[in-house]
Amino acid sequence: MIYLDNAATTKPSQRAAEAMMMAVSNFGNPSSLHGLGLQTEKLINSARDNIANMLGVNSKNVYFTSGGTESNNLAIYGVANSLKRRGKRVITSTIEHPSVMESFKRLENDGYDVCYLGVDKDGIVNLDDLAGMLTEDTILVSIMHVNNETGVIQPIERISAMVREKSPYCIIHCDCVQSFGKIPVKPDKMGVDMVSISAHKIHGFKGTGALYTNYARITPLIRGGEQQNEIRPGTENVGGILAFSAAVSECEIDIEKMREKRNLMRDLLCEKLDNVKVNGSCEHNSGSVLNVSFIGIKAEILLHSLERHEIYVSTGSACSSHKPQPSHVLLAMGVEQKAVDGAIRISFSQNTTLDEIRTAAEIIAGEVSVIRRYM
Ligand SMILES: Cc1ncc(COP(=O)(O)O)c(C=O)c1O
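Parameters at a glance
- Residues numbered from 1 in each chain as written.
- Predicted model: local features only at pLDDT ≥ 70, side-chain atom pairs only at ≥ 80, totals over all residues.
- Helix = DSSP H or I, 4+ residues; strand = E, 2+ residues; numbered from the N terminus.
- Rg over C-alpha atoms; globule rule 2.2 N^0.38 Å.
- Buried ≥ 20, exposed ≤ 12 C-beta atoms within 10 Å, placed from the backbone.
- Axes fitted to C-alpha atoms, helices over the stretch in contact; angles between N-to-C directions.
- Parallel < 35°, antiparallel > 145°, perpendicular 65-115°, else oblique.
- Left-handed = near helix turned anticlockwise from the far one by under 90°.
- Contact = placed C-beta atoms within 7 Å.
- Nonpolar A, V, L, I, M, F, W, Y, C, P; charged D, E, K, R; others polar.
- Pairing = 2+ DSSP bridges.
- Near = placed C-beta within 6 Å.
- Right-handed = clockwise from strand over helix to strand, strands pointing away.
- Domains from an automatic or database assignment.

*Asks:* Explain the overall build of the protein chain to me, using residue names and the numbers behind them.
*Replies:* Helix and strand counts for the protein chain come out as 13 helices and twelve strands. For a compact globule of 375 residues, the expected C-alpha radius of gyration is about 21 Å, and the protein chain comes in at 21 Å, within 12% of that figure. Counting only C-alpha atoms and orienting by the principal axes, one finds that the protein chain spans roughly 65 × 55 × 35 Å. Sorting the 375 residues of the protein chain into buried and exposed places 47% on the buried side.

As structure tokens, then:
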């Protein structure tokens, strides 16, 4: 098997699995007052410290959630609701993950003044347009760090500098689900107040994530418990959290090594095939995702023919791949329809080898040629 769908999810690591098993013997409720509970609470706190350390932040500002989707919802709804008296303007981009997009649609229905920032052909948000959107009463800006469909890195530091200058009361949120553990994610250096992260994108388990926030007055999404300062109540997912921390300890942040993988796949495919289009900036790329269009084919047909070789890729973001809709990210970048139809996402992990890439490229090129002959 050659697994190249790491932007959808990654294989849990051995150490993450072992850490998960620790929750079997440490089964006490972290909120219980007895020793068994205290022991579990200590484990959770040290996991929190470890994750906070990776972010370079104070661990009291890290809240565990059920994943990136919940973190994004909590950040966006939590800020918008708590600051609604200060202003109604909120800003996001047209290439966000559905968990951000849908949260802003909800705000739109609730009467907020939502602005959607467009991107250029390389998939980078338009900063001139942002300047025009920022007002004194803007309360929230949410722009992602690395795009899940293209791997393009957004200029977050420049965005936050602009926001700080024009909108002094604004909270800045950044969806770092695809960047955390792959490229440096340091909220202070990036100039952001809130960061969403998720365990299963970095060899942890599905169903665990975290929200870092230096703005503590956010309105909770759920109620009924005193855990985590009531910002995210509910008994913690102990196993998932311990595994998340173990996965964080194993993260290899080496952007050049990742880019070598992406560039090798890109170069091999462009060498072996005509009419190949690479989508998204190569210069500003995390290296973990290659989005590539094979003109004249339907991506879904290719995906299934690769499956027969036990090569796993994706046609867009996993979350929307059950719907037959074209990628909103590629459309926002102005990619032509025939290139959107033939686009696949090949995504790498720190464990993907160059040999796997060479083998996969050979098979992808062969399958594309066969499909083109029949179409
Ligand atoms: C950029 C981005 N944000 C958020 C999410 C949602 O994360 P989770 O699957 O942990 O809910 C994903 C998952 O694909 C993602 O790629």
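*Asks:* Describe the packing of helix α3 (residues 68–82) against helix α4 (residues 98–109), with residues and values.
*Replies:* Closest axis-to-axis distance for the α3/α4 pair is 9 Å, and the angle between their directions is 30°. Taken together, the axes of α3 and α4 are roughly parallel relative to one another. The hand of the α3/α4 crossing is right-handed. Contacts between α3 and α4 involve Gly68, Thr69, Asn72, Asn73, Ile76, Tyr77 and Ala80 from the first element and Ser99, Val100, Ser103, Phe104 and Leu107 from the second. Taken together, the residues of the contact of α3 with α4 sort by class into six nonpolar, six polar and no charged.

*Asks:* Run through the sheet that holds strand β7 (residues 194–198), naming residues and quoting values.
*Replies:* The sheet built from seven strands is open, its strands ordered β2-β8-β7-β6-β5-β3-β4 with mixed pairing. On the outer flanks of this sheet lie β2 (62–65) and β4 (113–117), each paired with one strand and no other. Sheet twist, expressed as the mean angle between neighbouring strand axes with direction ignored, is 20°. In this structure, strand β3 (residues 89–93) lies alongside strand β5 (residues 138–142), joined through four bridges in parallel fashion. Directly across from Arg89, in β5, lies its bridge partner Thr138.

*Asks:* Account for unusual backbone geometry, with residues named and values stated.
*Replies:* Here Asn229, not a glycine, exhibits a phi torsion of approximately 55°, which is positive. Along the chain, the position of Asn229 falls in the loop between β8 (209–213) and α8 (238–250). A positive phi angle, close to 55°, is found at Asn275, a residue other than glycine. By secondary structure assignment, the location of Asn275 is in the loop between α9 (255–272) and β9 (276–279). By C-beta crowding, Asn275 is classed as partly exposed, having 14 other C-beta atoms within 10 Å.

*Asks:* Please give an account of the site of the ligand that cites residues and values.
*Replies:* Of all residues adjacent to the ligand, which total 16 residues, the nearest are Gly67, Gly68, Thr69, Asn148 and Ser198. Ranked by the residues each element gives to the shell around the ligand, the list is headed by α3, at three residues. The class makeup of the residues in the shell around the ligand is four nonpolar, eleven polar and one charged.

*Asks:* Just give me the short version of the packing of α9 against helix α13 (residues 354–374), but keep the residues and values in it.
*Replies:* The geometry of α9 relative to α13 is characterised by a closest axis approach of 9 Å and an angle of 25° between their N-to-C directions. In terms of axis orientation, α9 runs roughly parallel to α13. Note that α9 runs across α13; the crossing there is right-handed. When α9 is examined against α13, the residues Lys261, Leu264, Met265, Leu268, Leu269 and Lys272 are found in contact with a partner set consisting of Leu354, Ile357, Arg358, Ala361, Ile364 and Ala365. Of the residues contributing to the contact of α9 with α13, the split by class is nine nonpolar, no polar and three charged.

*Asks:* Quick rundown of the pairing of β5? Include the residues and the values.
*Replies:* Within β5, five of the five residues are buried, which leaves it mostly tucked inside the rest of the structure. In terms of strand pairing, β5 meets strand β6 (residues 171–175) through three bridges, oriented parallel. Note that in β6 the partner of Ser142 across the bridge is His173. Following the chain from β5 across helix α6 (residues 156–166) to the adjacent parallel β6, one finds a crossover that is right-handed.

*Asks:* Quick one: what's the story with the environment of Ile95, residue by residue and with numbers?
*Replies:* Relative to the helices and strands, Ile95 resides in the loop between β3 and α4. When the C-alpha atoms of Ile95 and Asn148 are compared, they prove to be 9.2 Å apart, with 53 residues separating the residues in sequence. The residues contacting Ile95, other than those within four sequence positions of it, are Val119, Gly123, Asn147, Val329 and Ala332.

*Asks:* Tell me what's going on with the pairing of β3, and back it up with residues and numbers.
*Replies:* Counting buried residues in β3 gives five out of five residues, a clear majority hidden from the surface. Covered by surrounding structure in β3 are Arg89, Ile91 and Ser93 together with Val90 and Thr92, the residues of both alternating faces. With five bridges connecting them, β3 and β4 associate as parallel partners. For Ser93, the partnering residue across the bridge sits in β4 and is Leu117.

*Asks:* So what's going on with the domain arrangement of the protein chain? Residues and values would help.
*Replies:* Parsing the protein chain into structural domains produces domain 1 (2–9 + 254–374) and domain 2 (14–250). Taking the mean C-alpha position of each, domain 1 and domain 2 sit 28 Å from one another. For the side of domain 1 that touches domain 2, the elements supplying multiple residues, two or more each, are α9, β10 (289–294) and α11 (328–332).

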